[in-house]
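# Structure assessment
Given next are the chains, with one letter for each unit.
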Amino acid sequence: MLASSDDQLSLLSSLRRGAFVASSGAEFTRLTVAGSTITAEAAPGTSLRFIGRGGRLLRAVSTNSGSYRATGTEGYVRVEAIRDDGARAWSQPYVITWR
């Protein structure tokens, strides 16, 4: 969960905002969005995949840090971290809209 602390109000606030991840053991150390760029970092020994609508692979990075710049045609972008031992973590999808 991407909460500022582990108290009940912070955890519920993160859930309501959709600011959480799922994991089978891997973990993100950082997820950020700045403008149209999504940046992710994970523990060493992890690779990253940026996935769009319909499960389309947008970008794969064989290191534990990478970015993807949205073009507006993705529908959404989610990030998947894959540890060398097969453990994974998934971000919530970032919905792409242009205003």
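Up top is the structure.
Residues numbered from 1 in each chain as written. Predicted model: local features only at pLDDT ≥ 70, side-chain atom pairs only at ≥ 80, totals over all residues. Heavy atoms only, no water.

## Here's the deal with the side chain of Thr 46
Heads up, the rule is: For helices the rule is a DSSP run of H or I covering at least 4 residues; for strands it is a run of E covering at least 2, with both sets numbered from the N terminus onward. Working definition: with a 1.4 Å probe on protein chains only, accessible area under 20% of the residue-type maximum means buried, over 50% means exposed, and in between means partly exposed. Distance and chemistry together define a polar contact, namely a pair of N or O atoms within 3.5 Å, with one atom able to donate a hydrogen and the other to accept it when in protein, and with adjacent residues in sequence counting only for side-chain atoms on both sides. Whether two residues touch is decided by their heavy atoms; if any such pair falls within 4.5 Å, the residues are in contact.
Within the element layout of this structure, Thr 46 appears in strand S4 (residues 46-52). According to the relative accessible area criterion, Thr 46 is buried, its value standing at 4%. Separated by 2.8 Å, the side chain of Thr 46 and the backbone oxygen of Ala 43 make a polar contact. Excluding residues within four positions of it along the chain, Thr 46 makes contact with Thr 63, Asn 64, Ala 81, Ile 82 and Arg 83.

## Side note on the nonpolar core
Using the following cut-off: Think of a nonpolar core as a cluster: buried Ala, Val, Leu, Ile, Met, Phe, Trp, Tyr and Cys residues, connected wherever their side-chain atoms sit within 4.5 Å.
Phe 28, Leu 48, Phe 50, Val 77 and Val 79 are the most contacted members of the largest nonpolar core, which totals 18 residues. The set of elements that each furnish at least two residues to this core consists of strand S2 (28-34), strand S3 (37-42), S4, strand S5 (57-61) and strand S7 (76-83). Excluding anything up to four places from it in sequence, Phe 50 contacts Ile 38, Arg 56, Leu 57, Leu 58, Arg 59, Val 61, Gly 66, Ser 67, Tyr 68, Val 77, Arg 78 and Val 79.

## Examining the pattern of salt bridges
Using the following cut-off: A pair is scored as a salt bridge if a Lys or Arg side-chain nitrogen falls within 4 Å of a carboxyl oxygen belonging to Asp or Glu.
The tally for this structure, following the rule as stated, stands at four salt bridges. Note that Glu 80 and Arg 49 form a salt bridge whose closest N and O atoms lie 3.1 Å from each other. On the criterion of sequence distance, the pair formed by Glu 80 in strand S7 and Arg 49 in strand S4 is long-range, its members being 31 residues apart. One salt bridge in this structure joins Asp 85 and Arg 83, with 2.9 Å as the shortest N-O distance. Residue Asp 85 is classed as exposed on the basis of its relative accessible area, which comes to 57%. Connected through shared salt-bridge partners, Arg 49, Glu 80 and Arg 88 make up one network.

## Focus on the sheet that holds strand S6 (residues 65-69)
This is how the line gets drawn: Strands are labelled as partners when DSSP assigns at least two bridges between them. The axes used here are C-alpha line fits, helices contributing only the stretch in contact, and every angle between their N-to-C directions lies in the interval 0 to 180 degrees.
Overall, antiparallel pairing links the three strands, which are arranged S2-S3-S6 in an open sheet. With one partner strand each, in any of the chains shown, S2 and S6 form the two edges of the open sheet. Taken pair by pair, the neighbouring strands of this sheet meet at an average axis angle of 10°, ignoring direction.

## What to know about the environment of Ala 70
Summarising the element assignment, Ala 70 is placed in the loop between S6 and S7. With 27 residues separating them in the primary sequence, Ala 70 and Thr 97 have C-alpha atoms 9.8 Å apart.

Note that every value here comes from positions in space, so none of it alone points to a role or purpose.
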